[in-house]
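Given next are the chains, with one letter for each unit.
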Amino acid sequence: MTEPAAIVFERVSVARGGPPILNGVDLTLERGETVALVGRSGAGKSTILKLVNRLLTPDAGRILVSGRPTTEWDPYDLRRNVGYVLQEIALFPHMSIAENIAVVPRLRGWDEGKVTARVRELLELTGLGGSDFAIRRPHELSGGQRQRVGVARALAADPPILLMDEPFGALDPMTRREMHEQLRRIQEQVRKTILIVTHDMGEAFAMGSRVGVLADGALAALDTPRAIARSEDPRVKGLLAPLFEATAALQGGAP
Amino acid sequence: MRLIAFWRSHAAELAALLGQHVFLVGVSTLAAVLIGVPIGLLAAKRPRLGAPVVWLANVAQTIPSLAMFGFLLPLPFVGGLGARVAITVLVLYALLPIIRTTVAGMRSIDASLVEAGLALGMTPGQLFRRVELPLALPSIVAGIRVATVIGVGTATIAAAVGAGGLGEYIFRGLSMVEPTVILAGAVPAALLALTFDGGLMLLERGIRRAIESGGSRRVRTIAIAGVLAMAAAAGVAVAIMRPDADVIRVGSKNFTEQIVLGELLAQTIERQTDLKVERRLNLGGTFICDQALRSGDIDLYVEYSGTALTAVFHQPVETDPSRVLDAIRQRYAQAGLTLLEPLGFENTFAILVRGQDAASLKLTTIGDAAGPARNWRAGFGYEFLQRADGYPGLAKAYGLQFGSPPRAMDLSLIYRALADRQVDLIAGDATSGLIDAYGLTMLKDDRRYFPPYDAVPVARRGMLLAHPQVKDALATLAGKVTVADMRRMNRAVDAEHQEPAAVVRAFLQARPR
């Protein structure tokens, strides 16, 4: 018997009392793959993530996580099994970095020795092991460092699935490249199923083994980065345009 | 300095009053925290439910504190004299700032932090304990700080309902027109407010720093330490207070003569019986004393026959002294109260003008004042302005019309206001020592407008049955206090700044048993 897919969307629709946000979305993430969804603001990117850990429930269709419909999971159990990196990072300002990372392990009732060891391990993994980061406060860190803590917090209890909502949106391009690099390295070590949403096609190409394009509440395309780049679909090309313009500018000098 | 000398000679009393003050503020603030914080949390989470509560707290805040005491006095459980009603009032005042800042603290929490907590798998309870409460705590403590400082101020008014506290000195000083005594209460109250404010500021800062330096455990430790410190302060204050069970409680209204008469009853009982006496002097006006007597918060006080007839029993004015006494004796009896024998003097209302005016305008009767009154301003006590036997009837009986509407003034300030020419005619007490001290002239009530005002003790029948020796002791006072005696004692207190207790002691020692 084959293991169930990590995440499955079956004809999922969400309206929340207004015009449809998602309209019959089908999507399957195999274990260990990284799928990046791209779309404009308001295309329903965050909604997709919140459906996975049941911060939202669909109006039609269903979502399966590790083969079980989300409605059959205990919601708190589900969320502790699905790491989440928020767009705003949202580290708790009244907790130290170590305490922030330790939130989910403590919610799961780990003993303190194990928690401490795990926090140290994650600080190493995210490149924050060197200094006294553990006892610092979130406001003392740079944007890139905070973002790494956000990732470490999501990974703390070793969940099989990681959801990332515009995780590097607020960073400068250089730091963002570094973060992409680092996340790929982490992914090689920990092999998670990652669902990442972004408005930036470049980021999607850098991160995703497959890239999906969300438009008008549906998946307009879902394929390898190479295939997406050659797509003739106008909804896909619209998102690709800034990328090509930047490349063209680099190759042909100033337009 | 006289202030320091006063504190030295009253050290024990000062400590007790300070203890009562801390007790009132501590207990009421603690109760307001226990009530207000949950309400604020609920209001922040469920605005529809919370909005009306916040509105109610707002309304409570706008009621003047003395009026609030008046509303609550007749109520069961919370009402009555003493600490209970004072604490109720203080709690009502403390609620608004605490509820407000709790709501504000909760609302100021970044929505993304709440979402992060939920996304990480916190239950609503965990979210509240680990994220929302620690983040809202500095704001809540700031509210408690405001509430405490307001409480220290408002608690001074608690003396008006016999709850004690530093307001005792303030009210006593006001009725004696003695700034030293006012300061003796006001200065420690201000210092107390500053101390509380400073202490809570340190607590607030500690929590803020602990939150910034990460360490939800330290936040919890500091918050618990703060609550424990408050509880300990209240506990110490309770120990200082130690209420006594089997004592005779003597009350009085809030002016000098009443305080002297309260002392007179108290010392007479103390000298002639073995009973303990608790003095609940300097309460509010007639209404508060009457309520206190009926509810058992005091056992006796001295009332004036005419006042009892019109203000307590709402009967029409009657001018025959013995018929007035019979009428009120019967009505008091129906309420389970016993009218004892009159003390011997009558304290009628005195319509007073400055001596120079009386001489230059040749004024001897109230009727003579009708002419000049057109250019005058009058000053009357609050009670006199309202009572049927007060200003409205007086104006009618003598055709008095003043150039401008009468000023409502505190009785303790009214003589001085006349002497200082702020007003030109006042209604005072015929027995006031200040009449001679300020050189004022009393105009004759030749049309017998004012009913008789014989000073006469009223007591709870139950107390007299339980302690018949009290009745015997008070019988020795019957008819023994003349108007001259009373004016002299009032003057000794008001103009010569002697202690009422000392004045009464001298009076009792000067006369044979």
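Computed from a predicted structure; not experimentally measured. (Residues numbered from 1 in each chain as written. Chains lettered and ligands numbered in written order. Predicted model: local features only at pLDDT ≥ 70, side-chain atom pairs only at ≥ 80, totals over all residues.)

Let's talk about the packing of helix α22 (residues 483–494) of chain B against helix α23 (residues 500–510) of chain B
Residue and element names in this part refer to chain B. To be explicit about the condition: Between N-to-C directions, angles cover 0 to 180 degrees, with each direction set by a line fitted to C-alpha atoms, over the stretch in contact for helices. The way it works is that DSSP assigns letters per residue, a run of H or I at least four long becomes a helix, a run of E at least two long becomes a strand, and they are numbered from the N terminus. Handedness of a helix crossing follows the sense of rotation of the near helix relative to the far helix, less than a right angle counterclockwise being left-handed and clockwise being right-handed. Our contact criterion uses C-beta atoms placed from the backbone: two residues qualify when those atoms are within 7 Å. Residue classes follow a fixed rule: Ala, Val, Leu, Ile, Met, Phe, Trp, Tyr, Cys and Pro count as nonpolar, while Asp, Glu, Lys and Arg count as charged, and any other residue, Gly among them, counts as polar.
Interhelical geometry of α22 versus α23 gives an angle of 145° and a closest axis separation of 9 Å. Crossing of α22 against α23: the hand is right-handed. Judged by residue contacts, D485, M489, A492 and V493 of α22 engage P500, V503 and F507 from α23. Broken down by class, the residue content of the contact of α22 with α23 amounts to six nonpolar, no polar and one charged.

Side note on the nonpolar core
Residue and element names in this part refer to chain B. Rules: Note on terminology: a nonpolar core is any set of buried Ala, Val, Leu, Ile, Met, Phe, Trp, Tyr and Cys residues joined through C-beta atoms within 7 Å. The burial label depends on the number of other C-beta atoms within 10 Å of a residue's C-beta. Counts of 20 or more mean buried, 12 or fewer mean exposed, and intermediate counts mean partly exposed, with C-beta atoms placed from the backbone. Residue ranges assigned to the domains are those given by an automatic or database domain assignment.
Counting 191 residues, the largest nonpolar core has L24, A86 and L90 as the members making the most contacts within it. In terms of residue count, helix α5 (residues 83–107) provides more of this core than any other element does, 16 residues in total. Both domains that furnish three or more residues to this core are identified here as domain 1 (2–241) and domain 2 (248–346 + 452–510). The contacts of A86, once residues within four sequence positions are left out, are L24, A155, A158, V161 and A163.

Brief notes about the sheet that holds strand β6 (residues 82–85) of chain A
Residues and elements named next belong to chain A. Selection rule: By definition, two strands form a pair when at least two bridges between them are found by DSSP.
In space, the six strands of this open sheet follow the order β6-β7-β8-β3-β9-β10, with mixed pairing throughout. In this open sheet, the two strands that pair with only one neighbour each are β6 and β10 (218–223). For this sheet the average axis-to-axis angle between neighbouring strands, irrespective of direction, equals 15°. Note that strand β3 (residues 34–38) and strand β8 (residues 193–198) share five bridges and pair parallel. Bridging across to β8, L37 finds its partner in V197. Sitting on the sheet, helix α1 (residues 45–52) is in contact with β3, β6, β7 (161–165), β8 and β9 (210–215), with an inclination near 155° to β8.

Here we look at the pairing of β9(A)
Residue and element names in this part refer to chain A. Where β3 lies against β9, four bridges are found, and the strand directions are parallel. Following the sheet pairing, V35 is matched in β9 by R210. Two elements, β9 and β10, share five bridges in a ladder whose sense is antiparallel. Paired with L214 across the two strands is L219, which belongs to β10. Count of turn residues in the β9/β10 antiparallel hairpin: two residues, of which D216 carries a positive phi of about 50°.

Looking at unusual backbone geometry
Trans is the common state for peptide bonds, and a negative phi is the common state for residues other than glycine. Residue and element names in this part refer to chain A. If you check the backbone angles, I89 has positive phi at about 65° while not being a glycine. The residue I89 is located in the loop between β6 and α3 (97–101) in this model. The phi dihedral of E166 is positive, around 45°, even though this residue is not glycine. Relative to the helices and strands, E166 is located in the loop between β7 and α7 (173–190).

Overview of the interface of chain A and chain B
Taken together, the 18 residues of chain A in the interface contact 21 residues of chain B. Contributions of two or more residues to the side of chain A that touches chain B are made by α2 (75–80) and α4 (103–107) of chain A. Grouping the amino acids of the side of chain A that touches chain B by side-chain chemistry returns 10 nonpolar, three polar and five charged.

Topic: the environment of B:L30
With respect to the secondary-structure elements, B:L30 resides in helix α2 (residues 11–45). Counting along the chain gives 64 residues from B:L30 to B:A94, while the straight-line C-alpha distance between them is 9.5 Å.

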